[in-house]
Amino acid sequence: MASVEESREARIRLPQLKLDELLEELQARLDAARGTRDRVHSLLEAVLSVGRELELEQALHSIVEAAAVLVDAEYAALGVITPDGKALSAFHTVGVSEEQIARIGPYPEGHGILGELIRHPEPLRLVKISEHPASYGFPPNHPPMNTFLGVPIRVRDQVFGNLYLTEKRAGAQFDDEDESVLSTLAVAAGVAIDNARLYEESRLRERWLRANAEITHTLMSGDAHTKVLALIAERAGEITGSALAAVALPMEDTETLAVEIAVGMDAEAHQGLILPMDRSLMGLAFSGAAPVTSADASHDGRISLEPRRFEGLGPAVAVPIGAGEAGVRGVVLLAREAGRQPFSETETETLQAFAAQAAVAMELAERRRDAEKVAVLQDRDRIARDLHDLAIQRLFATGMTLQSAGRFIDHTGAAERVARAVDDLDETIKIIRSTIFGLRARDGGAGTGLRARVVRAVGEAAPVLGFAPSVRMEGLVDTDVPREIADHVIAVLTEALTNIARHAQAGRADVALETDGREVRLTVTDNGVGIPADGRRSGLRNIRERAENLGGDLELSRPEGGGSTLVWRVPVAEQ
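Calculation criteria
Residues numbered from 1 in each chain as written. Predicted model: local features only at pLDDT ≥ 70, side-chain atom pairs only at ≥ 80, totals over all residues. Heavy atoms only, no water. Pairing = 2+ DSSP bridges. Helix = DSSP H or I, 4+ residues; strand = E, 2+ residues; numbered from the N terminus. Patch = residues over 30% accessible without salt bridge, like charges linked within 9 Å, V, L, I, M, F, W, Y side chains within 5 Å. Areas by Shrake-Rupley, 256 points an atom, 1.4 Å probe, with all protein chains shown as cover. Salt bridge = Lys/Arg side-chain N within 4 Å of Asp/Glu carboxyl O. Lys, Arg positive; Asp, Glu negative; His and termini not counted. Charge placed at Lys NZ, Arg CZ, Asp CG, Glu CD. Buried < 20%, exposed > 50% of the residue type's maximum accessible area, 1.4 Å probe, protein only. 1 Å grid on protein atoms, 1.4 Å probe; cavity = no way out; pocket = protein on both sides within 12 Å on 5 of 7 lines; lining within 4 Å. Points joined across faces, edges and corners; volume = space filled by probe spheres on them. Nonpolar A, V, L, I, M, F, W, Y, C, P; charged D, E, K, R; others polar. Axes fitted to C-alpha atoms, helices over the stretch in contact; angles between N-to-C directions. Parallel < 35°, antiparallel > 145°, perpendicular 65-115°, else oblique. Left-handed = near helix turned anticlockwise from the far one by under 90°. Contact = heavy atoms within 4.5 Å. Phe/Tyr/Trp six-rings, centres within 6.5 Å; stacked < 30°, edge-to-face > 60°. Lys NZ or Arg CZ within 6 Å of the ring centre and 35° of its normal. pLDDT = per-residue confidence, 0-100.

Caption draft 1: Examining the pairing of strand 15 (residues 553-557) more closely. Across five bridges, the pairing between strand 15 and strand 16 (residues 564-571) is antiparallel. Counterpart to aspartate 553 in the pairing with strand 16 is arginine 569. Connecting strand 15 to the next strand, strand 16, in antiparallel fashion are six residues, including glycine 562 with a positive phi near 105°.

Pasting the structure below:
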């Protein structure tokens, strides 16, 4: 009987054991399904979160955060690849503090494992990073990392960057499901990045359009030319994030450029400079009628070293204002601080379009001014014609009548009065004729402005000196300085440069001409032996007398570094 009972109990326990196993398997499957559901839900939330961002930088940070959460990684990073597809240009991290980043040093550039993913943009999963042949190791103070999962992010069939995940929590390994989830997120990230880029481009285009509209309105309102140039420089600098912006226009000899406006970092070192066409970034852009870029303007062999003007600056671009049949009207130069990203091809093209629109606006404004000038000249011709045909003829007839009537006047005093009236009429006719001549006169003195004369004087002195002096001019020197004072300026400049050539033994000279509408100041410096105490002073005496006769003065000094400085100033307007 005992054996029968035991047999019955065994048959009861066997189905119960199978049922427990089935229930456990069912529970495991339910847990797996719930986990898959939760993960899919998390993935969808991550995709929605990333897709909501329109600012590119914020979108990239959201992608990194979402990736770390989805695959339960301690560290995550997103590396943006340079346009040439060979290195990393930006790096966004999660899991590493700012203090740790400072201790580690510069962000990676795309070597080792990171470079492997750049060279082969396919998902890469590693159990131990150090065992991969491409591993270079980590820099000092870098946190230890073993497990690795990386996937590329593509934007419109182009690899934008890579997602890097390391150290799955709880000591686990990244699996196929992690790779699949991360690859799905990378697809969504590509769409989000593309949307953010398009949004950024639209905002940038809107800013350029507003800037063009503002410049056109300013030009058409008849504002001063310098104000328009300053507006072009300021807006271009603001939109491109440049530290320096400058605008140069061609001189009358078309062999040099004058920097009319400079704003931003060390603007005073650029303002008023006279630049050669072959040894300056702006000159190359003007002569070639095409944009010229430099990765580092402070160490570019195409740019003359003197005077020093690009200290602390790096990437730069010079874009011509206008082209085609109308010709180049000027050049706009932009420079960023050293270490910043160079100007991309897209940025250069956009800037070129902005400069072209500015050139069109400048041409329209010039046509309008020309039309207004023609209208004024036509009005002057009409006034002159009316004065000649009507006023002079009537005055002449009146004079003849008085002269004839004078013969019949017997009273001596009355006859003298009539004779004086006739003489006054003759003098009035002469004055009117002179006025008519003035109304019809045309000013054609091309190349006679003080600015052009200074450049010519410096150029003529260069062969004697053995080098070309630098020239800087600031203010409305052609309009604020009267002709007679301009003649003295040229005489003083010529005498100063001649003295340097004869006595200074200098290897460098700088010329600065400035006016604020109240006085004109000419400064000539050199790095020679200075002015000897017992040297001949006849030339300097002449220069001083010129200044004193015009109500000005002359200052001579010897800087601490050697050489000499001559400052000649005279008033140009009544105080």
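Caption draft 2: Region of the structure containing a negative patch on the surface. Together, Asp423, Asp424, Asp426 and Glu427 give the surface a local cluster of negative charge. Given the relative accessible area of 43%, glutamate 427 is considered partly exposed.

Caption draft 3: Spotlight on the pattern of salt bridges. Applying the stated criterion across every chain, the model contains 22 salt bridges. A salt bridge links arginine 125 to aspartate 176, with the nearest nitrogen and oxygen atoms 2.3 Å apart. Of the two residues, arginine 125 sits in strand 3 (residues 124-126) while aspartate 176 sits in helix 5 (residues 176-220), which places them 51 residues apart along the sequence. Its relative accessible area of 56% is what places aspartate 176 among the exposed residues. Here aspartate 300 ties to arginine 302 by a salt bridge, and the two come within 2.8 Å at their closest N and O atoms. Residue arginine 302 is classed as partly exposed on the basis of its relative accessible area, which comes to 36%. Salt bridges here are not isolated pairs; linked through shared partners, they connect Glu514, Glu519, Arg521, Asp553, Glu555 and Arg569.

Caption draft 4: Representation of the layout of surface pockets. Reported here for the largest pocket is a volume of approximately 1,900 Å³. Around the largest pocket, the lining is made up of 44 residues, and of these Leu56, Arg197, Glu200, Ser344 and Glu347 lie nearest the centre. Of all the elements in the fold, those that place two or more residues in the lining of the largest pocket are helix 2 (56-70), strand 1 (73-81), strand 2 (88-94), strand 5 (158-168), helix 5, helix 6 (225-240) and helix 8 (345-406). Sorting elements by how many residues they give to the lining of the largest pocket places helix 5 first, with twelve residues. The class makeup of the residues in the lining of the largest pocket is 18 nonpolar, twelve polar and 14 charged. Counted as a void, the second largest pocket has a volume near 870 Å³. Taken together, 35 residues line the second largest pocket, and the ones lying closest to its centre are Phe91, Pro108, Leu114, Phe138 and His142. Listing elements by their share of the lining of the second largest pocket, those giving two or more residues are strand 1, strand 2, helix 3 (98-104), helix 4 (112-119) and strand 5.

Caption draft 5: Region of interest: unusual backbone geometry. Within the chain, glutamate 167 stands out as a residue other than glycine whose phi angle is a positive 60°. When you line up the elements, glutamate 167 lands in strand 5.

Caption draft 6: Up close: the packing of helix 10 (residues 450-465) against helix 12 (residues 483-504). Where helix 10 meets helix 12, the axes come as close as 10 Å, and the angle between the chain directions of the two elements is 15°. The orientation of helix 10 with respect to helix 12, classified from their angle, is roughly parallel. For the crossing formed where helix 10 meets helix 12, the hand is right-handed. Where helix 10 approaches helix 12, its residues Leu450, Arg453, Val454, Ala457, Val458, Ala461, Val464 and Leu465 are matched on the opposing element by Arg483, Ala486, Asp487, Val489, Ile490, Leu493, Thr494, Leu497, Ile500 and Ala501.

Caption draft 7: The arrangement of the sheet that holds strand 10 (residues 313-321) in detail. An order of 8-7-6-11-10-9 is seen for the six strands of this open sheet, with the pairing classed as antiparallel. Edge positions in the sheet fall to strand 8 (274-276) and strand 9 (292-294), since each of these pairs with one other strand and no more. Neighbour to neighbour, the strand axes of the sheet diverge by 25° on average, direction disregarded. Across seven bridges, strand 6 (residues 244-250) lies against strand 7 (residues 256-264) in antiparallel orientation. Counted as the bridge partner of proline 250 is leucine 257 from strand 7.

Caption draft 8: Highlighting empty space enclosed by the protein. One pass over the full model with this rule turns up one cavity of 30 Å³ or more. Here the largest cavity defines a volume of roughly 50 Å³. Taken together, Val259, His270, Leu275, Ser280, Leu281, Met282, Arg309, Phe310 and Leu333 form the lining of the largest cavity. Taken together, the residues of the lining of the largest cavity break down into six nonpolar, two polar and one charged.

Caption draft 9: Focus on the packing of aromatic side chains. Within this structure, the stated rule accounts for two aromatic pairs. Relative to phenylalanine 354, the ring of tryptophan 208 has its centre 4.7 Å away and its plane inclined at 45°; by these criteria the two rings are tilted. Here the residue tryptophan 208 occupies a position in helix 5, and phenylalanine 354 occupies one in helix 8, the gap between them amounting to 146 residues. For the pair formed by tryptophan 208 and phenylalanine 354, the shared burial category is buried. Lying across the ring of phenylalanine 343, arginine 336 places its NZ or CZ 4.0 Å from the centre.

Caption draft 10: Structural view of the confidence of the model for the protein chain. Averaged over every residue, the pLDDT of the protein chain is 79; the share at 70 or more is 82%. pLDDT under 50 marks residues 442-446. Its contacts with residues more than four places away, or in other chains, come to three contacts.

Caption draft 11: The arrangement of the environment of threonine 293 in detail. Examined against the element boundaries, threonine 293 turns out to sit in strand 9. Residues threonine 293 and alanine 318, spaced 25 residues apart in sequence, show a C-alpha to C-alpha distance of 6.4 Å. Apart from the residues within four sequence positions on either side, threonine 293 is in contact with Arg302, Ala316, Val317 and Thr348.

Caption draft 12: Molecular detail of the sheet that holds strand 16. Spatial ordering of the open sheet is given by 12-13-14-16-15, a layout of five strands whose pairing is mixed. Strands with a single pairing partner mark the edges of an open sheet, and in this sheet they are strand 12 (470-474) and strand 15. Neighbour to neighbour, the strand axes of the sheet diverge by 10° on average, direction disregarded. Direction of pairing for strand 12 relative to strand 13 (residues 509-515): parallel, over a ladder of five bridges. Within strand 13, the residue paired with valine 471 across the bridge is valine 511. Packed on one face of the sheet, helix 10 meets strand 12 and strand 13 and runs near 170° to strand 12. Running over the sheet, helix 12 touches strand 13, strand 14 (519-526) and strand 16 and is turned about 10° from strand 14.

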